[in-house]
Structure formats: C-alpha cells, structure tokens
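Okay, here's what each chain looks like letter by letter:
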Amino acid sequence: MPRVNSHGTMQESLDSTQSTRSTYTMMDLRWDILAGYGPLFAEGVITTIELTLVAIIAGLALGIAFGLISSSVNAPPPRSLAWAWALKVLRGITTAYVTFFRGTPLFVQILLVHFALMPALIHPDSGWLLSGDAARTLRQEHGAFFSGCLALSLNAGAYISEIFRAGIQSIHLGQTQAGYSLGLTHAQSMRYVILPQAFRRMVPALVNEGITLIKDSSLVSAIGLAELALAARTVAGAYSRYWEPYLAISAIYLVLTLVLSTLAKRLETPAYQRGR
C-alpha cells in the first residue's frame, strides 16, 4: 500500500519524482560550459605538474638526507665524540620532523606554511630571508605557489625519508659488513653496495608517494593557487553545476597518475629478480 502524508499526497509518488529529478541532473551533462574555461584548466594542469615535480625533487633530497640520518643508527660509531653527539642531535631532529609531518593533516601544514611560515621568511618589513620591494612582489605574484611547493616538499620529505630508511634496512646487514671487510667506509658501502639495491625496492613506494602528491596538490587551491581544483570550483560557482567540472578534473588527475605509474614500471625490479 502506498503511504499518504498529511497533505493527502502519496509518499510513493514523491519518492518517484525525486528519483527522476536526480537521474535527470546526473544525465543532463552540459560539457559545453567548460569550453570557455579551457585556458584556466590548461593553466591548472601546468601548475599541478609543476607543484608535483618540485615536491618530488625536493622531497627526494630531504628524504635521502633524513633517511640516511635515521639509518645511521646501524653504522659503526664515530671515533670523534663531537660527531657522535652531532649524529644523536640530527637523529632527534629527524624523528621530530618525520613525526610532525606524518602525524598532522597536509591541509593544516599548507595553512601553517602560507599564513605563518612564509610571512616570517618573506616580508616587506622584517623577512628573515627576503624583505623590501622584492619580498612584496614575490608574495603578490608567486606567494601561493611557493607556499604550496614548500608545504608539499616538507610533507613528501617526511614520507620519503621513511621509505629510504625501510629500503636501506631491507638489505641484509651482511652486505654492509662485506663492504667493510673490503676496506670500504660506511659512506662508500652505502653508495656502491646498499643504495643501488635498495632503490629498486623503493620504487613502488616512491611511485605511490608521487601519485599521492599529484592528488594532494588539489589542497593548495585553499590558499588561492590557480590549479585544477580551483579551476573546477570557478566553473561550478559560475554555472552552479558540479558534475561537469569535477568529472573533468577527475579524468585529468586519473590520466596524470596513470602516466606516472606507467613510466615508473620501467624502473621496478623485474619479476625474475624479485626476492634476490
């Protein structure tokens, strides 16, 4: 039996009408509204790629440095007492850095960098790194881009450092000791014996981090950077339509991640060599 509400209208009829309207909204896609925003989406793609490349390169540099510091706990103790204490301090800094950037949301990190850190570093009056008219121009024209790059790089560095630490520790300790027996120093053993083998094992995790960075770059739109998410939000605000712009950038993100995955497969260890 159909239900009747207080106005004497059958609830079954209302449900059917609402369902029909929802289906119509989903199927009546107007892709033509995106045509006028082609340059904005193109700029968004370029900005997203630039953000990702900068974050990957800087994150790799930070990750290698902090990963080597973390894995130095298994290295022979330094002969110098000062160097031994310095390593302990560096490991403490590394632990704090990794804990903070892995334990807090990336969105919060972006806001902290843009609204707290960057004004302290680059300010027309009292910037630690840059001040005066150059600081004012830089912040007005490229402030959001630099903030996004810095936040994503610091976040990526924390995750990549753990990838490198785990990759180094996955190589049997006997190989490092064999290097010592041949007269190699710890740094030489890392460079010529451990890291070449560990890198192949790190590739899948590094690819996953790169894919994560591509998708997480959308969060930078919160500070006004003209990337893909901001382009979609602009179209949605102009036409009050959401399916078309967000489906479009979803497809673009999917293509970018698939391209990265395809390129990275060439670096992975062949199946017949895995486990060796």
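All of these numbers come straight from a predicted model, not from anything done at the bench.

*Asks:* An account of the overall build of the chain is needed here, citing residue identities and associated values.
*Replies:* Within the chain, the regular secondary structure consists of 9 helices and 0 strands. For the chain, the α and β elements follow one another from N to C terminus as α-α-α-α-α-α-α-α-α. In the chain, which comprises 276 residues, the share counted as buried stands at 34%. Long-range pairs, those at least 24 residues apart, make up 72% of the contacts in the chain between residues at least 6 apart in sequence. In the form shown here, the chain has an accessible surface area of approximately 16,300 Å², with 64% of it arising from carbon and sulfur atoms.

*Asks:* Can you break down a nonpolar patch on the surface residue by residue, with the values?
*Replies:* A surface patch of nonpolar side chains, about 380 Å² in accessible area, is lined by Trp83, Val89, Leu90 and Ile93. In this structure, Val89 sits in helix H3 (residues 81-103).

*Asks:* I'd like to hear about the nonpolar core, residue by residue, with values.
*Replies:* Leu51, Ile110, Leu152, Met202, Leu206 and Val220 are the most contacted members of the largest nonpolar core, which has 28 residues in total. If you list the elements that add at least two residues to this core, you get helix H2 (38-71), helix H4 (106-121), helix H5 (133-170) and helix H7 (186-216). With 10 residues, the top contributor of residues to this core is H5. Other than its neighbours up to four places away in sequence, Ile110 contacts Ala151, Leu219, Val220 and Ile223.

*Asks:* Go over helix H8 (residues 228-239), please, and point to the residues and values.
*Replies:* Between the first and last C-alpha of H8 there are 17 Å, a value that for 12 residues agrees with the 16 Å anticipated at 1.5 Å per step. Along H8, the residues that are buried comprise Leu228, Ala229, Ala231, Ala232, Val235 and Ala236. Around the axis of H8, the buried residues are gathered within 160° of arc, so they sit on the same side. Buried-residue contacts for H8 involve H2 and helix H9 (243-265). Two or three places before Ala229, at the opening of H8, Glu227 has a side-chain oxygen 3.1 Å from that residue's backbone nitrogen. Taken from the residues just after H8, Ser240 is the one with a positive phi, measuring 55°.

*Asks:* Hey, could you go over the packing of H5 against H7 for me, with residue numbers and the actual values?
*Replies:* Relative to each other, H5 and H7 sit at 145°, their axes nearing to 8 Å. With respect to the hand of their crossing, H5 and H7 are arranged in right-handed fashion. Along its contact with H5, which presents Leu152, Ala156, Tyr159, Ile160, Ile163, Phe164, Gly167, Ile168 and Ser170, the element H7 presents Met190, Ile194, Leu195, Ala198, Arg201, Met202, Ala205, Leu206, Glu209, Leu213 and Asp216. A class-by-class count of the residues in the contact of H5 with H7 yields 15 nonpolar, 2 polar and 3 charged.

*Asks:* If you had to explain the confidence of the model for the chain to someone new, which residues and values would you point to?
*Replies:* Taken as a whole, the chain shows an average pLDDT of 85; of its residues, 87% reach a score of 70 or greater. pLDDT under 50 marks residues 8-14. Its contacts with residues more than four places away, or in other chains, come to 11 contacts. In the model, residues 16-24 has pLDDT below 50 throughout and makes 0 contacts with residues more than four positions away in sequence or in other chains.

*Asks:* Which residues make up the packing of H2 against H9, and what values do they have?
*Replies:* H9 packs onto H2 with a crossing angle of 35° between their chain directions and a minimal axis gap of 12 Å. Every pair of crossing elements has a handedness; the one defined by H2 and H9 is right-handed. When H2 is examined against H9, the residues Phe41, Val45, Thr48 and Ile49 are found in contact with a partner set consisting of Pro245, Ile249, Ile252, Tyr253 and Leu256. Residue composition of the contact of H2 with H9, grouped by class: 8 nonpolar, 1 polar and no charged.

*Asks:* Tell me about unusual backbone geometry, residues and numbers included.
*Replies:* Unlike most non-glycine residues, Ser240 shows phi in positive territory, near 55°. The topology assignment puts Ser240 in the loop between H8 and H9. By relative accessible area, Ser240 is classed as exposed at 54%.

*Asks:* Any details on the packing of aromatic side chains? Residues and values, ideally.
*Replies:* All told, the structure shown has 5 aromatic pairs when counted by the stated rule. Between Tyr37 and Tyr239, the aromatic rings sit 6.3 Å apart at their centres with planes inclined by 80°, giving edge-to-face as the arrangement. One end of the pair, Tyr37, is in the loop between helix H1 (11-27) and H2; the other, Tyr239, is in helix H8, and 202 residues separate them in sequence. Taking the relative accessible area as the measure of exposure, Tyr239 reaches 37% and is therefore partly exposed. Centroid distance Tyr97 to Phe101: 5.1 Å. Interplanar angle 55°. Geometry classified as tilted. Remark: Phe101 and Tyr97 occur in helix H3; sequence separation between them is 4 residues, near one turn of the helix. Taken individually, Tyr97 and Phe101 each receive the classification buried, so the pair is uniform in this respect.

*Asks:* Please provide a residue-by-residue account of the pattern of salt bridges, values included.
*Replies:* Counted according to the given criterion, the structure contains 4 salt bridges. Here Arg165 and Glu162 are joined by a salt bridge, their closest N and O atoms 3.0 Å apart. Linking Arg165 with Glu162, this pair stays in helix H5, spanning 3 residues, or about one helical turn. Note that Arg241 and Glu244 form a salt bridge whose closest N and O atoms lie 2.8 Å from each other. Each member of the pair Arg241 and Glu244 is classed as buried. Through salt bridges with shared partners, a single ionic network connects Arg102, Glu162 and Arg165.

Rules and cut-offs
Residues numbered from 1 in each chain as written. Predicted model: local features only at pLDDT ≥ 70, side-chain atom pairs only at ≥ 80, totals over all residues. Heavy atoms only, no water. Helix = DSSP H or I, 4+ residues; strand = E, 2+ residues; numbered from the N terminus. Buried < 20%, exposed > 50% of the residue type's maximum accessible area, 1.4 Å probe, protein only. Contact = heavy atoms within 4.5 Å. Areas by Shrake-Rupley, 256 points an atom, 1.4 Å probe, with all protein chains shown as cover. Patch = residues over 30% accessible without salt bridge, like charges linked within 9 Å, V, L, I, M, F, W, Y side chains within 5 Å. Salt bridge = Lys/Arg side-chain N within 4 Å of Asp/Glu carboxyl O. Core = buried A, V, L, I, M, F, W, Y, C linked by side-chain atoms within 4.5 Å. Expected span 1.5 Å × (residues − 1). Arc of directions from axis to C-beta. Polar contact = N/O pair within 3.5 Å; in protein donor to acceptor, adjacent residues only side chain to side chain. Axes fitted to C-alpha atoms, helices over the stretch in contact; angles between N-to-C directions. Left-handed = near helix turned anticlockwise from the far one by under 90°. Nonpolar A, V, L, I, M, F, W, Y, C, P; charged D, E, K, R; others polar. pLDDT = per-residue confidence, 0-100. Phe/Tyr/Trp six-rings, centres within 6.5 Å; stacked < 30°, edge-to-face > 60°.

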